[in-house]
Amino acid sequence: MTEGHRRGVTRGYAGGLVFAVAIAAFALLLIGWGSLALATGGGPISTPQVGRVVAAVLVVLCLAALAWGLWSQSLVLLRGRRSPSWAHIVLIAVGGYSVWCLGGLLAGLSIGDTWTSPYALVLALAWGLAALLHWAVLARRVYTDRPAPRWPWERRGEPGPDWATGDDDPWSDPR
């Protein structure tokens, strides 16, 4: 990272990044929970009197907490902190775990489905990794001089896609 250079980042970019990282965290959560369900033969909710809708509502609440945490992490980074805010990363992971566990207890889930559930640990791990990913992408954008990545045919002096390297025009009439 460069010392004195900072690129400006709009609220739209930061908001879009929060949204994209939240989607990535949700995908990571689904992969983790699916793998765990295949290994254990169960699901995140095994309490008989509680419906599966509770899990969806709790995940939406956890995603809202994640988005709020990522936004606050963006503000810390944009105020000049260049190193990862480990406190924010841990707080986001523990916050997701706490929202799942406390919300689950309020909804009538058992202790096995909340505090001691491996699904809650997977959620905390996914949220922590998402927070670290968010910091890395935003720090690269703000504090480095590197341009946005480009495909080979977008660079100056590159010949383009494989079909465009010859003298043949692919758009011309072959007759």
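For clarity, every value in this text was computed on a predicted model and none was experimentally measured. (Residues numbered from 1 in each chain as written. Predicted model: local features only at pLDDT ≥ 70, side-chain atom pairs only at ≥ 80, totals over all residues. Heavy atoms only, no water.)

Here we look at the overall build of the protein chain
Our working rule: Secondary structure elements are taken from DSSP: a helix is a run of H or I of four residues or more, a strand is a run of E of two residues or more, and numbering for both begins at the N terminus. Partly exposed residues are those whose accessible area sits between 20% and 50% of the maximum for their type, while under 20% is buried and over 50% is exposed, using a 1.4 Å probe and protein chains only. Any two residues whose heavy atoms approach within 4.5 Å at even a single point are treated as in contact. The accessible surface values rely on the Shrake-Rupley method and a 1.4 Å probe; as for residues, cover is taken only from the protein chains in view.
Across its full length, the protein chain holds four helices and zero strands. Going residue by residue from the N terminus, the α and β elements of the protein chain occur as α-α-α-α. For the protein chain, buried positions account for 34% of its 175 residues. Summarising the internal contacts of the protein chain: among those between residues at least 6 apart in sequence, 79% fall at separations of at least 24. Total accessible area on the protein chain is roughly 10800 Å²; 65% of this is exposed by carbon and sulfur atoms.

Some remarks on the environment of Ala 107
Of note, Ala 107 is situated in helix 3 (residues 86–107). For Ala 107, a relative accessible area of 37% translates into the label partly exposed. Sequence-wise, Ala 107 and Val 54 are 53 residues apart; in three dimensions their C-alpha atoms are separated by 7.1 Å. Residues in contact with Ala 107, not counting those within four places in the same chain, are Val 50 and Val 54.

Topic: the environment of Leu 66
Positionally, Leu 66 belongs in helix 2 (residues 53–78). Judged by relative accessible area, Leu 66 falls into the buried class, the value being 0%. Placed 62 residues apart in sequence, Leu 66 and Gly 128 show a C-alpha to C-alpha distance of 9.4 Å. Ignoring any residue separated from it by four or fewer positions in sequence, one finds Leu 66 in contact with Ala 22, Ala 25, Ile 92 and Trp 127.

A closer look at helix 1 (residues 11–40)
Convention followed: Given the number of residues in a helix, its expected span is that number minus one, multiplied by 1.5 Å.
Helix length check: helix 1 (30 residues) gives 42 Å between terminal C-alpha atoms against 44 Å at 1.5 Å per residue, within 8%. Within helix 1, burial applies to Ala 14, Leu 17, Val 18, Val 21, Ala 22, Ala 25, Leu 29, Trp 33 and Leu 36. Where helix 1 is buried, its residues meet helix 2, helix 3 and helix 4 (118–143).

Here we look at helix 3
For helix 3, with 22 residues, the first-to-last C-alpha span of 31 Å sits near the 32 Å given by 1.5 Å per residue. Burial in helix 3 covers these residues: His 88, Ile 89, Ile 92, Ala 93, Gly 96, Tyr 97, Trp 100, Cys 101, Gly 103 and Gly 104. Residues of helix 3 that are buried make contact with helix 1, helix 2 and helix 4. At the C-terminal side of helix 3, Gly 108 shows a positive phi close to 100 degrees.

Focus: the packing of aromatic side chains
Applicable threshold: Centres within 6.5 Å are what make two rings of Phe, Tyr or Trp a pair, Trp counting through its six-membered ring; a difference in plane orientation under 30 degrees is then read as stacked, over 60 as edge-to-face, and the rest as tilted.
Going through the model one piece at a time under the given rule, you end up with three aromatic pairs. Ring plane angle 65 degrees and centroid distance 5.3 Å describe the contact between Trp 33 and Trp 100, whose orientation is recorded as edge-to-face. With Trp 33 in helix 1 and Trp 100 in helix 3, this residue pair connects regions lying 67 residues apart in the sequence. Residues Trp 33 and Trp 100 agree in their burial class; the two are buried.

So, the nonpolar core
Keep this limit in mind: We call a set of buried Ala, Val, Leu, Ile, Met, Phe, Trp, Tyr and Cys residues a nonpolar core when their side-chain atoms join them within 4.5 Å.
If you look at the biggest cluster of nonpolar residues, it comprises 39 residues, and the most contacted ones within it are Trp 33, Leu 66, Leu 70, Leu 77, Trp 100, Leu 123 and Trp 127. If you list the elements that add at least two residues to this core, you get helix 1, helix 2, helix 3 and helix 4. Among the elements that take part in this core, helix 4 stands out by supplying 13 residues, more than any other. Excluding residues that lie within four positions of it along the chain, Leu 70 makes contacts with Val 18, Val 21, Ala 22, Ile 92, Ala 130, Ala 131 and His 134.

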